[in-house]
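What follows is the residue order along each chain.
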Amino acid sequence: MTGSKTPVLLAAVAFVSAVMLTGVSHGSEMDLYKILGVTRSASQAEIKKVYKRLAKEWHPDKNKSPGAEDMFIKITKSYEILSSENKRTNYDRYGQTDDSQPYSSGRYSHRHDSFYFDESFFSFPFDSKNHRDFTDRKYILHFNQYVSDVVPDSYKRPYLIKITSDWCFSCIHIEPVWKEVVQEMETLGIGIGVVDVGNERRLANHLGAHRTPSILGVINGKVTFFHYAVAKEHLKQFIEDLLPQRLVERVTDKNGFEFLNSWHELNKPNVLLFDQVPVVPLLYKLTAFAYKDYLQFGYVDQGLSETSSLQKQFNINTYAPTMLVFKENIDKPADIIQTKGLKKLIIDEFMSNNKCLLVPRLVNQKFFDELCPVKQFHRRRKYCVLLITGDEESFSFGKHEFFSFASTNSKDVIRFAYVYQRLQQPLCDIFMQYKDNALPPTQVVVLERRNAGGKVLFKPVTAWNGSEENKQHLLEELEHLQRDPSILIYDAVLPDLNNEFASVFVIRWIYATYDYISDITDDILHNNCDSSDDNQSKLRAKDFTKAENGWPPKKNFVEVTELTDITYTSNLVKLRPGHMNIVLVLTDASKNILLSKFAKEVYSFTGSLTLHYSFLNIDKHSQWMNALLGQTDANEGGGENDKTDYTGYVLALNGHKKYLCLFKPVYTGEDLNIKSFEEKGGPTGGRLRSTSHDDYPLWKSSRTRNISTLQMHHKLDRLGLWMERLIEGTLPRCYISAWPGLDKITPSKKMEVYQGRT
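Residues numbered from 1 in each chain as written. Predicted model: local features only at pLDDT ≥ 70, side-chain atom pairs only at ≥ 80, totals over all residues. Heavy atoms only, no water.

This paragraph deals with helix H26 (residues 618–629). Given a rise of 1.5 Å per residue, 12 residues ought to cover 16 Å, yet the end C-alpha atoms of H26 are separated by just 13 Å, more than 12% below that figure. Listed as buried for H26 are Ile 618, His 621, Trp 624, Met 625, Asn 626, Ala 627, Leu 628 and Leu 629. If you follow the buried residues of H26, they end up packed against helix H24 (568–573), strand E16 (580–586), strand E17 (611–617), strand E18 (650–654) and strand E19 (659–663). One side-chain oxygen of the residue at the start of H26 lies 3.0 Å from the amide nitrogen of Asp 619, identifying that residue as Asn 617. (Helix = DSSP H or I, 4+ residues; strand = E, 2+ residues; numbered from the N terminus. Expected span 1.5 Å × (residues − 1). Buried < 20%, exposed > 50% of the residue type's maximum accessible area, 1.4 Å probe, protein only. Contact = heavy atoms within 4.5 Å. Polar contact = N/O pair within 3.5 Å; in protein donor to acceptor, adjacent residues only side chain to side chain.)

Rendered as structure tokens:
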């Protein structure tokens, strides 16, 4: 019996030996000593000297030969191994260069002291080109493909990318979850990619991935690493967190009119999704990101009583999700779609058909190219009817009548648009030079674009004041144009349009830069936020560390929103877990003084994404303040009719966990004296230039006039220290049973936003 087992045992041993020898020979294909041109007995000093010389010679920035980059990588890898005594000894003994299992160190790697004979070892796909899993092979990325395709496309949709290798045994464990997530996310339009570090080391280094397996997201060209346990829900939340915060606005009865009426300012149609779920669907967020340059998106939660009027106004039932598009007419949707299962293809077609207003304003060259495309074929002519007008109120009637005329057009070959002469002067000068000087500045021009170089054929049709005579004349000219295109008798080369939103794009770029720096800091510090109670103090400590390490504020001002019945739900009741609203209590008389001081005190904390800033006018909402503090031990009065002066109080409100931290003014002005006034620098906040006795009477005469302002100003003297304690988590908390109802907030017709400059 023993003899019969011997051949089997010998065969197994021989097979294992063959596998091990194959690994050694694979690692020995690259002779590190030959690459550096040194002998095996070379000292560390010799190796270092040779490496410096070769690195300068083969650096890709200096050496432009085709193989310079690959040679530089080999030289660097050789020096990395031979300069380490342990790695060099390992290489001399076994021929291992660590290329056979790159990125093996890290939290996902598993080290074994001896060879582990396991079935999974022999079934693992060593040859990626011939045996890699089909789902991975479909999404394999290469460096050039990533740079030329993925990065530009990431401005329209996020990408989820997995870093793996053939010798990564830990990668096997995440495969089932990865496949399930890929199948679901791909149907939503999320890009998927896989990077094999064995074949694409350059791309892995470019992404900053130094271990396998790793998962990262790419959006707007920015890379963010996934640091949580690989689970389906975690990956879905990771995708949602990649998206910008304010893609979709929550719309209720109170802000519905304001949202729909923003089409003129934003020059975009508005999209409203009515659904019964309280959370905005991920597919809708992704759609909003893809079409953010063309459409404004809002979401209506049908489960809220505050949306009943909107549902009734647009006859929305609860049968299925309903999507409406509004253009110039905010009382009637321009298009509607209703279906139980909203699919990406259906939504994309719906959005593509409604990307523009009926009569949009030409604001940049990109928009002009899309609205009035270049003629491709004779049968696909596109004519653009352009109203040249002004942005003053006196031109509003003419624009309104132009919109009315355009709404009657049913021909796809004719597009309508308008342009402000003041903002697009070079363009308008070309069209206006051919008109009669006696005509008014408002003019209608019909044009056809002939090539991408800017050449157009055009004809000034009529002066425009919105009269019926103007409309009839324009209608006749358009009918004549379709019979005889040769009536476009003028030709010219148009300049590129001015980008009217350029300043906004610069600001967005600056904010995006700050976000990028913040995310890099977050990755370095491994600042993974956890909203659980056990980690609250740890989270605050991390946020404070960010501020101390120079995480800069994202703006040069502090945006402080008034807490009213309009903003009450979003800024408090439904504030995201882990977020807090810092509310300054003030009066009409103290508003300007306290807001200015408040902005200076909290400015250094505005880099935190979890803090928001508001102010509450106690003259309007005293009942709400009394009702709130009446639930805590901090209340100094006797109930809702209490007359306590809350001016200068600051509340840190955690809407999710229903608690608050209270700041009370520590300086009330009773001990005001000359010395303290001089130390504070007088009313202007700077030191007095002269302290002579001659100057003192003049200063003293202004003391009475400024004492009230100074007292109010100093109410927030120690707010900065209080904010530090808030972020550290060392402030006492006052828990409440529920936030006071909306009936305690006085209705406000207009929400006020203060931007405190620093």
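Text resumes after the structure shown.
Sheet architecture is open: five strands sit in the order E11-E10-E12-E13-E14, paired in mixed fashion. The open sheet has two edge strands, strand E11 (414–420) and strand E14 (490–493), and neither has a second partner. Put simply, the sheet's adjacent strands are angled 35° from each other on average, direction ignored. Here strand E12 (residues 443–449) runs beside strand E13 (residues 455–463); their pairing, made up of seven bridges, is antiparallel. (Pairing = 2+ DSSP bridges. Axes fitted to C-alpha atoms, helices over the stretch in contact; angles between N-to-C directions.)

Attention now goes to the sheet that holds strand E4 (residues 222–225). If you walk across this open sheet you meet the four strands as E2-E1-E3-E4, and the pairing is mixed. Looking along the sheet, the strands with just one partner apiece sit at the ends: strand E2 (191–196) and E4. Recorded for the sheet is a direction-independent mean angle of 25° between the axes of neighbouring strands. Across four bridges, strand E3 (residues 214–219) lies against E4 in antiparallel orientation. Considered in E4, the bridge of Gly 217 is made with Thr 224.

Here the focus is the environment of Thr 564. Of note, Thr 564 is situated in the loop between strand E15 (557–562) and H24. Taking the C-alpha atoms as reference points, Thr 564 and Asn 617, 53 residues apart in sequence, are found 8.9 Å from one another.

Attention now moves to a positive patch on the surface. Taken together, Lys 48, Lys 52, Lys 56 and Lys 62 make up a surface patch of like positive charges. Here Lys 62 lies in the loop between helix H3 (44–58) and helix H4 (68–82). (Patch = residues over 30% accessible without salt bridge, like charges linked within 9 Å, V, L, I, M, F, W, Y side chains within 5 Å. Areas by Shrake-Rupley, 256 points an atom, 1.4 Å probe, with all protein chains shown as cover. Salt bridge = Lys/Arg side-chain N within 4 Å of Asp/Glu carboxyl O. Lys, Arg positive; Asp, Glu negative; His and termini not counted. Charge placed at Lys NZ, Arg CZ, Asp CG, Glu CD.)

With that settled, the discussion passes to the pattern of salt bridges. Scanning the model with the defined rule gives 19 salt bridges in all. Of the charged contacts in the structure, one is a salt bridge between Arg 449 and Asp 369, with a shortest N-O distance of 2.8 Å. Placement of the pair is Arg 449 in strand E12 and Asp 369 in helix H18 (residues 365–371), with a sequence separation of 80 residues. Given the relative accessible area of 5%, Arg 449 is considered buried. Judged by its relative accessible area of 34%, Asp 369 falls in the partly exposed class. Between Asp 717 and Lys 597 there is a salt bridge whose closest N-O contact spans 3.4 Å. Separated by 120 residues along the polypeptide, Asp 717 in the loop between helix H29 (703–713) and helix H30 (719–728) and Lys 597 in helix H25 (residues 591–602) bring together distant segments of the chain. Salt bridges here are not isolated pairs; linked through shared partners, they connect Glu 180, Glu 184, Lys 232 and Lys 236.

Another point: the pairing of strand E1 (residues 159–164). Counting buried residues in E1 gives six out of six residues, a clear majority hidden from the surface. Judged by which residues are buried, E1 turns out to be covered on both faces: Tyr 159, Ile 161 and Ile 163 on one side and Leu 160, Lys 162 and Thr 164 on the other are all buried. Traced from E1 through helix H10 (residues 171–187) to E2, the parallel crossover comes out right-handed. Here E1 runs beside E3; their pairing, made up of five bridges, is antiparallel. When the sheet's bridge partners are listed, Leu 160 is paired in E3 with Gly 217. (Right-handed = clockwise from strand over helix to strand, strands pointing away.)

These results come straight from atomic positions and should not be treated as a statement about function.
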